[in-house]
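Spelled out from the first residue to the last, the chains are:
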Number of protein chains: 2
Amino acid sequence: MSDTIMKDNSHPYVHGHSDRESERLHFQASKLAELLHDGTRYPPKSRVLEAACGVGAQTLILAQNSPGAEFLSVDISYGSLAQAKDRVLQEGITNVTFHQADVYDLPFKPETFDHIFICFLLEHLADPLLALISLKGILRPHGTITIIEGDHGSAFFHPDSPEAHRIIDCLVQLQRQGGGNALIGRELGHLMTDAGFTDVTVSPRQVYADQSRPESFDGVKKIFIAMVEGVCRQAIEEGLADKEMWEKGIRDLYRTTEQDGSFCYTFFKAVGRKE
Amino acid sequence: MSDTIMKDNSHPYVHGHSDRESERLHFQASKLAELLHDGTRYPPKSRVLEAACGVGAQTLILAQNSPGAEFLSVDISYGSLAQAKDRVLQEGITNVTFHQADVYDLPFKPETFDHIFICFLLEHLADPLLALISLKGILRPHGTITIIEGDHGSAFFHPDSPEAHRIIDCLVQLQRQGGGNALIGRELGHLMTDAGFTDVTVSPRQVYADQSRPESFDGVKKIFIAMVEGVCRQAIEEGLADKEMWEKGIRDLYRTTEQDGSFCYTFFKAVGRKE
């Protein structure tokens, strides 16, 4: 078990592993399923690797959208894998198997998979390019890789607020301190190309929330603001923000979800092919 | 002529009226025609007001996309109107007439128009809400209004650069000093609702440029960077930037259009209806 714990901590995950975070991830996945998974369907019998499935939030959607495909979902965390397995079982999904593995050192033979899918992984890695090159090795020729990442620098809103931008930037800085990159969405294109994939296409997928779609404000609160709130203690402890500034920033973020507010955020989806 | 000159200057236009700016506007309109005009087609015989047609950059596209509709394009500037007329004549377009008028004080009877179209106008006005209310008066019941605006705070790019953001912010500040709002895109939804329009829908239309579409980088240079460059002297004269910072910012903006760069910008299109 000590090995498990070590592995659990070997890639710092800025958002933590609380039940609340797990719920946030599932809520996010279900609300954004159409936006992010549009265009991602795998043929029957194809072998698809989902690298870093976490608590299985995207796994459910992947498996349900491509019921004939065979998914192998890996994660470094035994704890997250256990949650993912439970969830998949609850939903009666049978086309996924799980495996504990480190994305930098995957225990698969070259050219094992027809397709690879990654969501919200690269942003947490110190060397995303190395991870992509490693993944390319286990992809068969002409197989595809699909990557989805956010970009916290893409957030803008009304009313605008310097404090709100500053506390979002605290999350960006904390993620950077942990070796990650919360602005990675805008870099997917060149990372895929640098890793040697071809036919790379990047499609930004923008979320827009305003009063005409009240449920969109719910998403802003429960997905984005909740994520920022999750690093409050850490940001204050590390001196990136003081309590007053933090509270003003959070208040201003909630303010964007009132009557005359608006909120924009861009996810990026990139698809490439191995030659 | 003094009256003309007075009227020409009564709403400050931060981008100026040079030939270069006119060419930039036409280039922008043609490159973004599909992105921005998608969904905008008017039925034969419908009377459409284009408020603030400027040099006719959008007029050409409007008139060509809806050849049976009858456009009345107004602008406060006689100089711009003359250019717009020339351009429309050159293209052999016959379904547009032009009229000099102030958008705050339009010389039309109530309920004159079936539809109203505005592009890149509200960002320059000190009281966009008043302008919308005034426009609503001359729209017939059940008629539609379509508004397109940019939002300079939506720009993000790789490599990121504080200096690049600061010089973009100079343009935002200069526009604010002139009474305008370069961040108005994100506000279109509530402005339309506040003006009393119903069935308001806002669709953000995001431009994404990267190496997979080299012509997209051309657009970034000739539309966005050229626009920022256009206020260089004014920004430095007013002490918003020093020469060194400005040059670094411009270099960094061009840097985003190199091999591994990327650039995002969001336009907003809002459509509403008069009850």
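Read on for an overview of the structure.

The rules behind the values
Residues numbered from 1 in each chain as written. Chains lettered and ligands numbered in written order. Predicted model: local features only at pLDDT ≥ 70, side-chain atom pairs only at ≥ 80, totals over all residues. Heavy atoms only, no water. Helix = DSSP H or I, 4+ residues; strand = E, 2+ residues; numbered from the N terminus. Rg over C-alpha atoms; globule rule 2.2 N^0.38 Å. Buried < 20%, exposed > 50% of the residue type's maximum accessible area, 1.4 Å probe, protein only. Contact = heavy atoms within 4.5 Å. Areas by Shrake-Rupley, 256 points an atom, 1.4 Å probe, with all protein chains shown as cover. Lys, Arg positive; Asp, Glu negative; His and termini not counted. Charge placed at Lys NZ, Arg CZ, Asp CG, Glu CD. Axes fitted to C-alpha atoms, helices over the stretch in contact; angles between N-to-C directions. Parallel < 35°, antiparallel > 145°, perpendicular 65-115°, else oblique. Left-handed = near helix turned anticlockwise from the far one by under 90°. Nonpolar A, V, L, I, M, F, W, Y, C, P; charged D, E, K, R; others polar. Buried area = accessible area lost by both parts, 1.4 Å probe. Salt bridge = Lys/Arg side-chain N within 4 Å of Asp/Glu carboxyl O. Polar contact = N/O pair within 3.5 Å; in protein donor to acceptor, adjacent residues only side chain to side chain. Least-squares fit on C-alpha atoms with pLDDT ≥ 70 in both. Pairing = 2+ DSSP bridges. Right-handed = clockwise from strand over helix to strand, strands pointing away. Phe/Tyr/Trp six-rings, centres within 6.5 Å; stacked < 30°, edge-to-face > 60°. Expected span 1.5 Å × (residues − 1). Bend = angle between axes of the 7 residues up to and from the residue. Arc of directions from axis to C-beta.

A word on the overall build of chain A. The helix and strand inventory of chain A stands at 10 helices and eight strands. Its C-alpha atoms give chain A a radius of gyration of 19 Å, near enough to 19 Å, the size a compact globule of 275 residues would have. Here the C-alpha coordinates of chain A stretch approximately 55 × 45 × 40 Å along the principal axes. Among the 275 residues that make up chain A, the fraction classed as buried is 56%. Here the analysis covers contacts within chain A between residues at least 6 apart in sequence; of these, 81% occur between residues at least 24 apart. As displayed, chain A offers around 11800 Å² of accessible surface, 51% of which is attributable to carbon and sulfur atoms. A gap of 4 Å separates the mean positions of the 27 positive and 39 negative side-chain charges of chain A.

With that settled, consider the packing of helix α2 (residues 19–37) of chain B against helix α3 (residues 57–65) of chain B. Residues and elements named next belong to chain B. Contact geometry for α2 and α3: axes closest at 8 Å, N-to-C directions at 40°. Between α2 and α3, the angle falls in the class oblique. Considering only the axes of α2 and α3, their crossing is right-handed. Taken together, the residues of α3 that come into contact with α2 (itself represented by Leu25, His26, Ala29, Ser30, Ala33 and His37) are Ala57, Gln58, Leu60, Ile61, Leu62 and Asn65. Of the residues that constitute the contact of α2 with α3, the class distribution is seven nonpolar, five polar and no charged.

Another aspect to go through is the interface of chain B and chain A. In many analyses, interface size is given as the accessible surface area lost on bringing the parts together. With 27 residues of chain B in contact, the opposing surface of chain A contributes 27 residues. A buried area of about 2000 Å², summed over both sides, lies between chain B and chain A, and 55% of it is on carbon and sulfur atoms. At the boundary of chain B with chain A, the tally comes to two salt bridges. A salt bridge links A:Asp160 to B:Arg186, with the shortest nitrogen-to-oxygen separation between them at 3.9 Å. The tally of links between chain B and chain A comes to 12 residue pairs in polar contact (both at pLDDT 80 or more). Contributions of two or more residues to the side of chain B that touches chain A are made by β6 (156–158), α7 (188–194), β7 (198–210) and β8 (262–273) of chain B. It is β7(B) that provides the largest number of residues to the side of chain B that touches chain A, a total of six residues.

The full count for this structure, using the stated rule, is 30 salt bridges over all chains. For the salt bridge of B:Asp218 with B:Lys222, the shortest nitrogen-to-oxygen distance reads 3.4 Å. Highlighted residues: B:Asp218 and B:Lys222, both in helix α8 (residues 214–229), separated by four residues, approximately one helical turn. Taking relative accessible area as the criterion, B:Asp218 reaches 28% and is therefore assigned partly exposed. Through salt bridges with shared partners, one network takes in A:Arg47, A:Asp114 and A:Arg140.

Another aspect to go through is the relation of the copies chain B and chain A. Superposition of the two copies of the chain requires a rotation about an axis together with a shift along that axis. For these two chains of identical sequence, chain B goes onto chain A by a turn of 180° and a shift of 0.0 Å along the axis, with RMSD 0.0 Å. Expressed as an axis order, the relation between the two copies is that of a two-fold axis. Closest approach to the rotation axis within chain B is made by the C-alpha atom of B:Ser154, at a distance of 3.6 Å. Comparing contact sets, 100% of the residues at the interface of chain B also lie at the interface in chain A, consistent with an isologous, same-surface contact.

This part takes up the environment of B:Thr201. Mapped onto the fold, B:Thr201 is located in strand β7. Not counting chain neighbours up to four residues away, the residues in contact with B:Thr201 comprise B:Lys269, B:Ala270 and B:Val271.

All right, on to the pairing of strand β3 (residues 96–100) of chain B then. The side chains of a regular strand alternate, first on one face of the sheet and then on the other. Residues and elements named next belong to chain B. The alternating pattern of β3 places Val96, Phe98 and Gln100 on a buried face, while none of Thr97 and His99, on the opposite face, is buried. By the bridge criterion, five bridges tie strand β2 (residues 70–75) to β3 in an arrangement that is parallel. Of the residues in β3, the one forming a bridge with Val74 is His99. The β-α-β motif built from β2, the intervening helix α4 (residues 78–90) and the parallel element β3 has right-handed crossover chirality.

In this section: the packing of aromatic side chains. Scanning all chains against the criterion turns up 18 aromatic pairs over all chains. Through pairs of rings, three or more aromatic residues link up here, namely A:Phe120, A:Phe157, A:Phe224, A:Phe263, A:Tyr265 and A:Phe267.

Our next topic: helix α8 (residues 214–229) of chain A. Residue and element names in this part refer to chain A. Here α8 contains 16 residues, and its C-alpha end-to-end distance of 21 Å stays within 8% of the 22 Å for a straight helix at 1.5 Å per residue. Taking the largest bend as the criterion, α8 deviates by roughly 30°, centred on Val220. For α8, the complete set of buried residues consists of Ser216, Phe217, Gly219, Val220, Ile223, Phe224, Ile225, Ala226, Met227 and Val228. Each element contacted by the buried residues of α8 is listed here: α2 (19–37), α6 (162–177), β7 (198–210), α9 (232–237), α10 (243–255) and β8 (262–273).

This next bit is on the packing of α6(A) against α10(A). Two numbers describe a pair of packed helices, the interaxial angle and the distance between the axes. All names here are of chain A. Packing of α6 against α10 brings their axes to within 7 Å, and their N-to-C directions diverge by 110°. For the element pair α6 / α10, the angle class is roughly perpendicular. Across from Glu163, Ala164, Arg166, Ile167, Ile168 and Cys170 in α6, the residues of α10 making contact are Met245, Trp246, Lys248, Gly249, Ile250, Asp252 and Leu253. Here the contact of α6 with α10 is composed, by residue class, of eight nonpolar, one polar and four charged.

Quick look at the environment of A:Glu50 now. Residues and elements named next belong to chain A. In this fold, Glu50 is placed in strand β1 (residues 47–51). On the basis of relative accessible area, Glu50 is assigned to the buried category, the value being 2%. Sequence separation of Glu50 and Leu129 is 79 residues, and the distance between their C-alpha atoms is 17 Å. Apart from the residues within four sequence positions on either side, Glu50 is in contact with Gln58, Thr59, Leu62, Leu72, Ser73, Val74 and Phe117. Here the side chain of Glu50 touches Ser73 through a polar contact of 2.9 Å, side chain to side chain.

With that out of the way, let us pick up the side chain of B:Gln28. Counting through the fold element by element, B:Gln28 comes out in helix α2. Aside from chain neighbours lying at most four places away, what touches B:Gln28 is B:Phe120 and B:Ile223.

Residue and element names in this part refer to chain A. Note on placement: Thr40 falls in the loop between α2 and β1. Looking at Thr40, its side chain comes within polar contact range of the side chain of Lys269, at 2.4 Å. Here Thr40 is in contact with Leu62, Asn65, Ser66, Phe117, Thr146 and Lys269, once residues within four sequence places are set aside.

The subject of this paragraph is the pairing of strand β2 (residues 70–75) of chain A. Within β2(A), five of the six residues are buried, leaving the element largely enclosed by the surrounding structure. Each parallel crossover has a hand, and for β1(A) linked through helix α3 (residues 57–65) of chain A to β2(A) it is right-handed.

Now for helix α5 (residues 128–137) of chain A. Residue and element names in this part refer to chain A. By the burial criterion, the buried members of α5 are Pro128, Ala131, Leu132 and Leu135. For α5, the angular spread of the buried residues around the axis is 100°, confining them to a single face. Where α5 is buried, its residues touch β1, β4 (113–119), β5 (139–149) and α7 (188–194).

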